[in-house]
Amino acid sequence: MTRLIFLGPPGSGKGTQAQILAADLNIPHISTGDILRHAMQEQTPLGIKAQGYVNRGDLVPDQLVQELVEERFSQPDVKSGWILDGFPRKVTQAVFLEQLLAQTHGGEARVVNLDAPDDVVVSRLVARGRKDDTEEVIRHRLDVYRTQTAPLIDYYRDRQQLVTVNGHQSQEAVTEQLRHIVTL
Ligand SMILES: Nc1ncnc2c1ncn2[C@@H]1O[C@H](COP(=O)(O)OP(=O)(O)OP(=O)(O)O)[C@@H](O)[C@H]1O
Ligand SMILES: Nc1ncnc2c1ncn2[C@@H]1O[C@H](COP(=O)(O)O)[C@@H](O)[C@H]1O
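Residues numbered from 1 in each chain as written. Chains lettered and ligands numbered in written order. Predicted model: local features only at pLDDT ≥ 70, side-chain atom pairs only at ≥ 80, totals over all residues. Heavy atoms only, no water.

By the naming in an unreviewed UniProt entry, the protein chain is Adenylate kinase, taken from Anabaenopsis elenkinii CCIBt3563. Comment text from UniProt for the protein chain, heading Pathway (unreviewed entry), reads "Purine metabolism; AMP biosynthesis via salvage pathway; AMP from ADP: step 1/1." Heading Subcellular location (unreviewed entry) of the UniProt record for the protein chain holds this comment: "Cytoplasm". (UniProt positions renumbered as here; feature names shortened; annotations may be inferred.)

### Quick notes on the overall build of the protein chain
In terms of helices and strands, the protein chain carries 9 helices and 5 strands. The helix and strand sequence of the protein chain, counted from the amino end, reads β-α-β-α-α-α-β-α-β-α-α-α-β-α. Computed over the C-alpha atoms, the radius of gyration of the protein chain is 16 Å, within 12% of the 16 Å expected from 2.2 N^0.38 for a compact globule of 184 residues. Within the span of the protein chain, comprising 184 residues, buried residues form 47% of the whole. (Helix = DSSP H or I, 4+ residues; strand = E, 2+ residues; numbered from the N terminus. Rg over C-alpha atoms; globule rule 2.2 N^0.38 Å. Buried < 20%, exposed > 50% of the residue type's maximum accessible area, 1.4 Å probe, protein only.)

### A few points about the site of ligand 1
In the vicinity of ligand 1, 17 residues are found, and the nearest of them are K14, T16, R128, R141 and Q169. Between ligand 1 and the protein, one listed contact pairs an oxygen atom with a side-chain N or O atom of R130 at 3.3 Å. In this structure, Q171 approaches ligand 1 through a main-chain N or O atom, which is 3.3 Å from a nitrogen atom. Protein contact buries 74% of the 640 Å² of open area that ligand 1 shows by itself. Secondary structure elements with two or more residues in the shell around ligand 1: α1 (14-25) and α6 (118-128). Of the residues that constitute the shell around ligand 1, the class distribution is 3 nonpolar, 9 polar and 5 charged. (Near = heavy atom within 4 Å. Polar contact = N/O pair within 3.5 Å; in protein donor to acceptor, adjacent residues only side chain to side chain. Areas by Shrake-Rupley, 256 points an atom, 1.4 Å probe, with all protein chains shown as cover. Nonpolar A, V, L, I, M, F, W, Y, C, P; charged D, E, K, R; others polar.)

### Some words on the nonpolar core
With 29 residues, the main nonpolar core has I5, V69, F73, W82, L84, F87 and Y156 as its most contacted residues. When contributions to this core are tallied by element, the ones reaching two or more residues are β1 (3-7), α2 (32-42), α3 (45-56), α4 (62-73), β3 (82-85), α5 (91-103) and α8 (151-158). For F87, the residues in contact, after removing those within four places along its chain, are I5, T32, V65, Q66, V69, Q93, F96 and L97. The next biggest cluster of nonpolar side chains, apart from the first, holds 14 residues, and it includes A18, I27, I83 and V174. (Core = buried A, V, L, I, M, F, W, Y, C linked by side-chain atoms within 4.5 Å. Contact = heavy atoms within 4.5 Å.)

### A few points about the pairing of β3
Alternating residues of β3 divide into W82 and L84 and I83 and D85, and every residue in both groups is buried. The sheet contact formed by β1 and β3 spans 4 bridges and is parallel. By the bridge assignment for β3, L4 is matched with I83. Note: strand β2 (residues 29-31) against β3, 3 bridges, orientation parallel. When the sheet's bridge partners are listed, I30 is paired in β3 with L84. (Pairing = 2+ DSSP bridges.)

Below is the structure:
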């Protein structure tokens, strides 16, 4: 069964690769960013609370994002496996996820650290053009990634769950490596 977490800086290709693999494997692609943007579009209570943080490139408070993850993991389709993209983004969230998976017999995940240099991700994101893809917000998201999310690399390496993949290759080359990893 595939249970995969994508780590990596904004623009490293997590969403692109997660979508391809999830379709291949017929398992859900769970993107906390997509769920938050949908909630913002619909102006749900969650979307209204999250929008200031998302638009500034700050992390949404743990409680909000953890509630949405807990709700998503209560749905039956996660029983056949899943790919998480954008969660966890802090050690506190990783601890929460471990407890959630233990409670739901969700099993241990493998973690792909998809890496790419800053100049590459900045130019990809400026071209992508999401509302939070202005150069100023991208630079802030990169700072947030370095200070709050990158510590998860050591966290998962220490737990022997981590594999690093070079995201600065063609999309096809990255997909091929990931397909190999999920068959291991
Ligand atoms: N290997 C690649 N080579 C070139 N461009 C890529 C590659 N992978 C993804 N892209 C493009 O880079 C942009 C960012 O990719 P994607 O949205 O998958 O990144 P992400 O890691 O999910 O970013 P974020 O965390 O900001 O949501 C997209 O426009 C995507 O089409
Ligand atoms: N796990 C998360 N914790 C806090 N904030 C999050 C989390 N996942 C997404 N966010 C917010 O949404 C935007 C966009 O996320 P992408 O994964 O880049 O789509 C992010 O900047 C946070 O504000």
